[in-house]
Amino acid sequence: MDMSFLWYALSSGSMTLLGFLLLTNVSHVNKLANRWLGLFFLCTAAIFTQLLIEVAAPEERNPWFWLIPFLELPRWATFPCFFLSLMTFVNPTVSIRKAIWHFVPFFLFCLYAAFVLFPVAYADSQIILNLPAWAVWIIQYLFLGQAVVYCILSFLLLRRHERQIKRFSAIIEHVDLAWIRWIMYVVLGMTTLWILGKSDPSIAALVPFGYFALTLFMAYHSLNQQAIYPISQTQLPEVIDAITIPDKRHARLTDDQVELLQKEVQKAVVGERLYLDPLLNLPALSEKVGLGTHELSFVLNQGFGKNFYQYINELRVEEAKRLLEAPEFRDKDMASIAIHAGFNSRTTFYAAFKKIAGMTPKAYLAQANA
């Protein structure tokens, strides 16, 4: 028995423990997302357990070999569980009923496996087992195809989430998406290891250790989750509803109303200098101007042609330009300028200033003093 037995055993045990921790730990804010993530880890644990049994001993001398067909059952549910976990993290209000179609391959495989595992119960089982070549090819490679497709979908989902955050918050740097990105990288890394192990025998011996190392890395980031929304949980359902429903399909305001409300919003934000509040977000602004989050989101997007992030930070950058040119702020450092302009950090200030003004604050100051 080689070292791969040990690495598969450690990977299987770690994934099983991590799965149960996420399924039963009630301290996490997004319980549903973590339950999907826990199911993903348990499905992955089943894969490692199958590999463990296969390397333990040949089939004729292995008393546990009969478990392999059962361990294969959750395989096609692995990546749908991961994607649903991510989808629920970025949108806790998502309806899981709409996501059932992700498990169609899994249900079909279970139906097929019923004839494989219990052939004596079906008189015509041999007809079902004699699948055409194309069906056998799908069974062999669908898992790999799922890995590629769901990794792509996951990256696209996170990119959309980053854009949506800018629709209701001007502060995004403390929204930590790195941990969930690392989980995706690990999933992609495990898939890559599987492909390399199948195609290159010289790498195959290192694959079990690679799986275990990636398992530990995934466990660390899964248990060190950070907020991926810069607002409270009580505000989240309403805000998500406001930013995910297409504005044009759910327009509640006429063009004249949008124009009127646009002036009211501008009067409140600029006249009362609300943009200088570093904690200002869409729910807070909607309360101050007396509009619902749906209406305010619609006015910003259709009236100003900007999302919340663009609208507020453009005003803050203009304030920063004024401060940079003001004699009383010549001796102030950039961190002080950032705070007085409404930014909550120097990093956010530099990023927003360069994006909107096309140059750094220091370059603008040099140009203004030239």
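Preceding block: the structure.
Computed from a predicted model, the values in this text were never measured in an experiment.

Enquirer: Mind showing me how you'd approach the overall build of the chain here?
Expert: Across its full length, the chain holds 18 helices and zero strands. The proportion of buried residues among the 370 residues of the chain is 43%. For the chain, the share of sequence-separated contacts (at least 6 apart) that also reach a separation of at least 24 residues comes to 71%. Total accessible area on the chain is roughly 19700 Å²; 61% of this is exposed by carbon and sulfur atoms.

Enquirer: I would appreciate a short explanation of the nonpolar core in the present structure.
Expert: Proteins that are soluble and globular tend to have nonpolar side chains buried together. Counting 50 residues, the largest nonpolar core has Leu37, Phe40, Phe41 and Met218 as the members making the most contacts within it. Elements represented by at least two residues in this core include exactly helix H1 (4-24), helix H2 (31-56), helix H4 (78-90), helix H5 (104-117), helix H7 (133-165), helix H8 (178-199) and helix H10 (207-223). Top contributing element to this core by residue count: H2, with ten residues. Those residues in contact with methionine 218 that lie beyond four places of it in its chain are Met15, Phe40, Phe41, Ile183, Val186 and Val187. One finds Leu261, Leu296, Phe308 and Tyr311 within the second-largest nonpolar core, a separate group that totals 18 residues.

Enquirer: Quick question: what am I supposed to make of the state of the cysteines here?
Expert: By definition, a disulfide links two cysteine residues through a covalent bond between their sulfur atoms. Taken as a whole and assessed by the stated rule, the structure comprises zero disulfides. Sulfur of cysteine 43: no disulfide; nearest cysteine sulfur belongs to cysteine 81 and is 4.6 Å away.

Enquirer: It is not clear to me how helix H12 (residues 255-271) should be interpreted in this structure. Could you clarify?
Expert: Since there are 3.6 residues in each turn of an α-helix, residues three or four apart along the chain are aligned in direction. Taking 1.5 Å of rise per residue, 17 residues should cover 24 Å, and H12 covers 23 Å from first to last C-alpha, within 8% of that figure. When H12 is considered as a whole, its buried residues turn out to be Val258, Leu261, Val265, Ala268 and Val269. For H12, the arc enclosing every buried residue in end-on projection is 95 degrees, short of the 170-degree limit, so these residues lie on one face. Along H12, the residues that are exposed and aim more than 90 degrees away from the buried face are Asp256, Leu260, Lys263, Lys267 and Gly271.

Definitions and cut-offs
Residues numbered from 1 in each chain as written. Predicted model: local features only at pLDDT ≥ 70, side-chain atom pairs only at ≥ 80, totals over all residues. Heavy atoms only, no water. Helix = DSSP H or I, 4+ residues; strand = E, 2+ residues; numbered from the N terminus. Buried < 20%, exposed > 50% of the residue type's maximum accessible area, 1.4 Å probe, protein only. Contact = heavy atoms within 4.5 Å. Areas by Shrake-Rupley, 256 points an atom, 1.4 Å probe, with all protein chains shown as cover. Core = buried A, V, L, I, M, F, W, Y, C linked by side-chain atoms within 4.5 Å. Disulfide = S-S within 2.5 Å. Expected span 1.5 Å × (residues − 1). Arc of directions from axis to C-beta.

Everything listed here is a matter of coordinates, which is why it stays silent on function.
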